[in-house]
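# Fold and geometry: a report
Okay, here's what each chain looks like letter by letter:
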Amino acid sequence: MPNIVRVRYAPSPTGYPHVGNIRTALFNWLFARHHGGSFIVRIEDTDVTRKVEGAVEAILDGLRWLGLDWDEGPEVDGKYGPYFQSQRLERYQEAARRLAAQGDAYYCYCSPQRLEEMRAEQARRKQPPGYDRRCRGLSQEERAEKEAEGVTPVVRFKTPLEGQTGCNDLIRGEVVFENNLIDDFVLLKSDGYPTYHLANAVDDHFMEISHVLRAEEWLSSTPRHLLLYRALGFEPPQFAHLPMLLGTDRSKLSKRHGAVSITEYREQGYLPETMVNFLALLGWSLDDTTELLSRDELIKSFSLERVSRTAAIFNQDKLSWMNGVYLRRLSAEEFTRRCLPFLDKGLPAEVKRPLPVDYIRQILPLVQERAKTLTEVAGLAEFFFVQQPDYDASLLISKGMSRETTIRALEAARLKLEPLADFDAGPLEAVLRPLAENLGLKTGQLFGALRVATTGQTAAPPLFQTMVVLGKERCLSRVEAALEKLASRAS
Ligand code: GLU
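Computed from a prediction, not measured in an experiment: that's the story for all the values here.

Taken together, the neighbourhood of the ligand is formed by R8, A10, S12, E44, Y196, N200, R214 and W218. The contact in question runs from an oxygen atom of the ligand to an N or O atom on the side chain of R8, over 2.7 Å. A distance of 2.8 Å is found between a nitrogen atom of the ligand and a backbone nitrogen or oxygen belonging to A10. In the complex, the protein chains occlude 89% of the 290 Å² of accessible area that the ligand would expose alone. Its residues assigned to classes, the shell around the ligand comprises three nonpolar, two polar and three charged.

A few words on the pairing of strand 1 (residues 6-9). Burial along strand 1 is two-sided: R6 and R8 facing one way and V7 and Y9 facing the other are all buried. In the sheet, strand 1 pairs with strand 2 (residues 38-41) via four bridges, with the strands oriented parallel. Within the sheet, the bridge partner assigned to V7 lies in strand 2 and is F39. Traced from strand 1 through helix 1 (residues 19-34) to strand 2, the parallel crossover comes out right-handed.

Compared with an ideal rise of 1.5 Å per residue, which puts twelve residues at 16 Å, helix 14 (residues 374-385) spans 17 Å between its outermost C-alpha atoms and is within 8% of the ideal. Residues L374, V377, A378, L380, A381, F383, F384 and F385 constitute the buried set of helix 14. Considering only its buried residues, helix 14 is in contact with helix 11 (316-329), helix 12 (332-346), helix 13 (357-368), helix 17 (443-455), helix 18 (463-470) and helix 19 (472-487).

By size, the foremost hydrophobic cluster in this structure holds 111 residues, and its most contacted members are F384, L410 and L432. In terms of residues, this core owes the most to one element, helix 1, which gives nine residues.

Inspection of the secondary structure assignment puts S221 in the loop between strand 8 (211-215) and helix 7 (222-232). For S221, a relative accessible area of 8% corresponds to the buried category.

The strand order across the open sheet built from three strands is 3-4-7, with neighbouring strands paired in antiparallel fashion. Strands at the two margins of the open sheet, each flanked by one partner only, are strand 3 (105-108) and strand 7 (186-188). Each neighbouring strand pair of the sheet contributes to a mean axis angle of 45°, computed without reference to strand direction.

Our focus in this paragraph is the pattern of salt bridges. The full count for this structure, using the stated rule, is 29 salt bridges. Here E273 ties to R338 by a salt bridge, and the two come within 2.8 Å at their closest N and O atoms. Separated by 65 residues along the polypeptide, E273 in helix 9 (residues 272-280) and R338 in helix 12 bring together distant segments of the chain. With a relative accessible area of 23%, E273 lands in the partly exposed category. A relative accessible area of 18% means that R338 is categorised as buried.

One pair of aromatic rings is described through two measures. These are the centre distance and the angle between the planes. Throughout the structure, instances matching the rule amount to twelve aromatic pairs. Plain terms: the ring middles of Y359 and F385 are 5.7 Å apart, the flat faces sit at 75° to each other, and that makes the pair edge-to-face. Of this pair, Y359 sits in helix 13 while F385 is found in helix 14, placing the two residues 26 residues apart along the sequence. Of the two residues, Y359 and F385, both sit in the buried class. Put simply, the rings of Y265, Y270, F278 and F314 pair up and form one aromatic cluster. The side chain of R23 reaches across the aromatic face of F27, ending 5.4 Å from its centre. The lysine or arginine in question, R156, covers the ring of Y131, its NZ or CZ lying 3.6 Å from the ring centre.

Turning to the side chain of S210, a few remarks are in order. Relative to the helices and strands, S210 resides in the loop between helix 6 (196-206) and strand 8. A polar contact of 2.7 Å, which involves the side chain of S210, links it to the side chain of H211.

The end-to-end C-alpha distance of helix 13, which contains twelve residues, comes to 16 Å, matching closely the 16 Å that a straight helix rising 1.5 Å per residue would cover. Looking at helix 13, one finds that the buried residues are Y359, I360, I363, L364, L366, V367 and Q368. Against helix 11, helix 12, helix 14, helix 18 and helix 19 lie the buried residues of helix 13.

Between helix 16 (residues 425-438) and helix 18, the shortest axis-to-axis distance is 9 Å and the interhelical angle comes to 120°. Comparing their axes, helix 18 and helix 16 come out oblique. Note that helix 16 runs across helix 18; the crossing there is right-handed. Across the interface between the two elements, A425, L428, E429 and L432 from helix 16 touch F464, M467 and V468 from helix 18. Across the contact of helix 16 with helix 18, the residue classes tally to six nonpolar, no polar and one charged.

Analysis parameters
Residues numbered from 1 in each chain as written. Predicted model: local features only at pLDDT ≥ 70, side-chain atom pairs only at ≥ 80, totals over all residues. Heavy atoms only, no water. Near = heavy atom within 4 Å. Polar contact = N/O pair within 3.5 Å; in protein donor to acceptor, adjacent residues only side chain to side chain. Areas by Shrake-Rupley, 256 points an atom, 1.4 Å probe, with all protein chains shown as cover. Nonpolar A, V, L, I, M, F, W, Y, C, P; charged D, E, K, R; others polar. Buried < 20%, exposed > 50% of the residue type's maximum accessible area, 1.4 Å probe, protein only. Helix = DSSP H or I, 4+ residues; strand = E, 2+ residues; numbered from the N terminus. Pairing = 2+ DSSP bridges. Right-handed = clockwise from strand over helix to strand, strands pointing away. Expected span 1.5 Å × (residues − 1). Contact = heavy atoms within 4.5 Å. Core = buried A, V, L, I, M, F, W, Y, C linked by side-chain atoms within 4.5 Å. Axes fitted to C-alpha atoms, helices over the stretch in contact; angles between N-to-C directions. Salt bridge = Lys/Arg side-chain N within 4 Å of Asp/Glu carboxyl O. Phe/Tyr/Trp six-rings, centres within 6.5 Å; stacked < 30°, edge-to-face > 60°. Lys NZ or Arg CZ within 6 Å of the ring centre and 35° of its normal. Parallel < 35°, antiparallel > 145°, perpendicular 65-115°, else oblique. Left-handed = near helix turned anticlockwise from the far one by under 90°.

Now the structure itself:
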């Protein structure tokens, strides 16, 4: 291991940050923190046509939300900046000029139209796509002629026609590529912008990146980068290609498998601590059994040796389970703090704003056990806020009960509740339990009817505590409303 670990996360701002991409950021961050090294964020924004407005902010917000702090990069800068490739064009142009001057690259004047035709022809002949090297051997005169015609060339790399290029990937082991399968790829486009390959290799060198940890889809680019390092006389970094991410149906993870950007998970009410834990296990594991690991435990135990080569499966059910675990672990105060913006957004408009925080403090411990996401909380807690919960009268009639027995049970309950001076869980239970017996009902039958009457739901937080928070007056008016519903329902 080199003494100084410097890794980078190099997103292209072409959209909202996909969880797969964020997994790459996380692995880099964990690796840096484990080794006491630096985590660098570099924005690869040289593909002007694919740039998406707001994408950089979304990426940085995602990192900040997850607590993946960067030592160098946008907003913090550092001595290897700037950290936006669009602000580093000079460096790439200089490298391309140097490669051309020393005979490792050449100017190509082929028009887009010619390249299009060439590709079509290759496809028709079922040949692999790739530049046919027409300009590789242009003489000085031929070049001068093209220049005189006013054609602005691109710069292409002069890939060796034979031999092999490879490296020892820290995850995949020895990887070797045949040079004759690599075409003369473009380094610099005619508008002076570099391609991904040139900019990536030049920056990894000048930013003194020690390890490149990136997704497997970039493995096929690695020989190109290695060839560039060699031609430029640079020492290559060490490479580690992270396993692919698949959905549970084993196809490449995509929108079809649910939300895919980290922004969406945040909006759906997943906790950043869940996401960090969950994403860390996509391709890495501590052992065969441990599922729950805190940020500090992850930093302490993260290593490339335990990154697998086989694809990782993104299991949405596991994510929900894990989020439930992390939600239950929050203190009541913290749970409230995290829920507030979601309640504000999720509760119906009829609920007065600003929301009553003290009342919310009483409610939330009752739903904390059941929530899987923060967005769900509004739905679970809504009946505490609205004037009257909306439900179908048939829900009031529990199994083995009729409309009449339900009416009788609720009326009897009302008579017991009305005189209660101390409307607390103990006294409530003390009057309602024996009541069920007096009425010849199972407690579940009586409590079921009361639950629906007071909450509008068949599954709700513990009944007595719920009734206490709702308060005597509201409980009685809801029982009243339930009786009215039953009375007007044809039997
Ligand atoms: N800009 C590339 C991306 O969007 C970076 C790939 C790499 O890490 O080399 O993922």
